[in-house]
Amino acid sequence: MQIFHSPSVLQKEALLRKRRGETIGFVPTMGALHSGHTSLFDIARERCDWLVCSIFVNPLQFGENEDLDQYPSDFEGDRQKCLEHGVDAILFPREFYNPDHSSYIRVETLSQGLCGGNRPTHFEGVTTVVARLFGFVQPDIAVFGQKDYQQLAIIRRMVRDLAMPIEIIGGELIREQSGLALSSRNRYLSPEDKRRGLTLSLALREVIRLYKEDGIQNVTTLKSKALKKLNVDELDYLEIVDCDSLKPLEQIKDKARVLIAAKVGGTRLIDNMEVSR
Ligand code: AMP
């Protein structure tokens, strides 16, 4: 497995491989890897010749009072997981943006609600870093987790709108056995906070149960009943939206996505599930 600290050296290698007709697969991450990330490696591994993982905590996507400085890192653990899951190259850049970087990508409507409501500059940071990473890695396919459902929709839209010849694949959300969605930030949670964090998934499951078993379709009713399952410090949002446009629904007809974000003991957690018959 190769480790690249220089994005432009990796880019040379990528271009060489493309000329030889190899298929490049890519999984961008911020490190502190867990089984959610490695599940994406497994999906990509089957579909490419050369599998690249990037590990870069992107300052552009963090707001002023967020946890950029405390974001967990464990390069040795990450390297081991990459090795075990067949990653061919890790991009672990020492420097990433030019000092005079001045190009930003904004995917408008999809970025506005949900996490974009509470983190107004977040998705612009995400799309900008992903586009720049795509430029270095030159992937044919890139795999993103449904854990970040809104992010996945935004990346798909960016790739479509900017005609990037890259297939975007969404990997299923991976959970702990308890049901808590795996996240690099879970390592900040005390055992008690983990129990409270689990209530995010309980609230989502309650929406699904009320829709499927009790036949409740009205979103206001579903939300107010589901909120009773929550035990968190601060709710950012609980929303039931159209699976593609991410627009809030008033009624669930056949299918919807329910998404939640909340803080538990200072740690911001997100989760989402499909609601269908
Ligand atoms: P991050 O390192 O948090 O930026 O995440 C890198 C990629 O891993 C993103 O595409 C995330 O959606 C994905 N990911 C993170 N956690 C999970 C999870 N529990 N299940 C599936 N994918 C995940």
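Small disclaimer: the values here were computed from a predicted structure and weren't measured. (Residues numbered from 1 in each chain as written. Predicted model: local features only at pLDDT ≥ 70, side-chain atom pairs only at ≥ 80, totals over all residues. Heavy atoms only, no water.)

**Q** Any chance you could explain the sheet that holds strand E4 (residues 89-91) here in plain terms?
**A** Paired through their backbone hydrogen bonds, the strands of a sheet run either parallel or antiparallel. Read from one edge of the open sheet, 6 strands run E1-E4-E3-E2-E5-E6, paired in parallel fashion. Strands at the two margins of the open sheet, each flanked by one partner only, are strand E1 (2-4) and strand E6 (167-171). Ignoring strand direction, the axes of neighbouring strands in this sheet form an average angle of 25°. (Pairing = 2+ DSSP bridges. Helix = DSSP H or I, 4+ residues; strand = E, 2+ residues; numbered from the N terminus. Axes fitted to C-alpha atoms, helices over the stretch in contact; angles between N-to-C directions.)

**Q** How should unusual backbone geometry be read in this particular structure?
**A** With the exception of glycine, the majority of residues adopt a negative phi angle, and the majority of peptide bonds are in the trans configuration. The backbone phi angle of Leu 114 is positive, close to 50°, even though this residue is not glycine. The residue Leu 114 is located in the loop between E4 and helix H4 (115-118) in this model. The phi angle at Leu 246 is positive, at roughly 65°, despite the residue not being glycine. Structurally, the position occupied by Leu 246 is in the loop between strand E7 (234-241) and strand E8 (255-264).

**Q** Explain the environment of Gly 77 here, please?
**A** Tracing the backbone through its elements, the reader meets Gly 77 in helix H3 (residues 75-84). With a relative accessible area of 17%, Gly 77 lands in the buried category. (Buried < 20%, exposed > 50% of the residue type's maximum accessible area, 1.4 Å probe, protein only.)

All quantities given are derived from atomic positions and should not be read as evidence of function.
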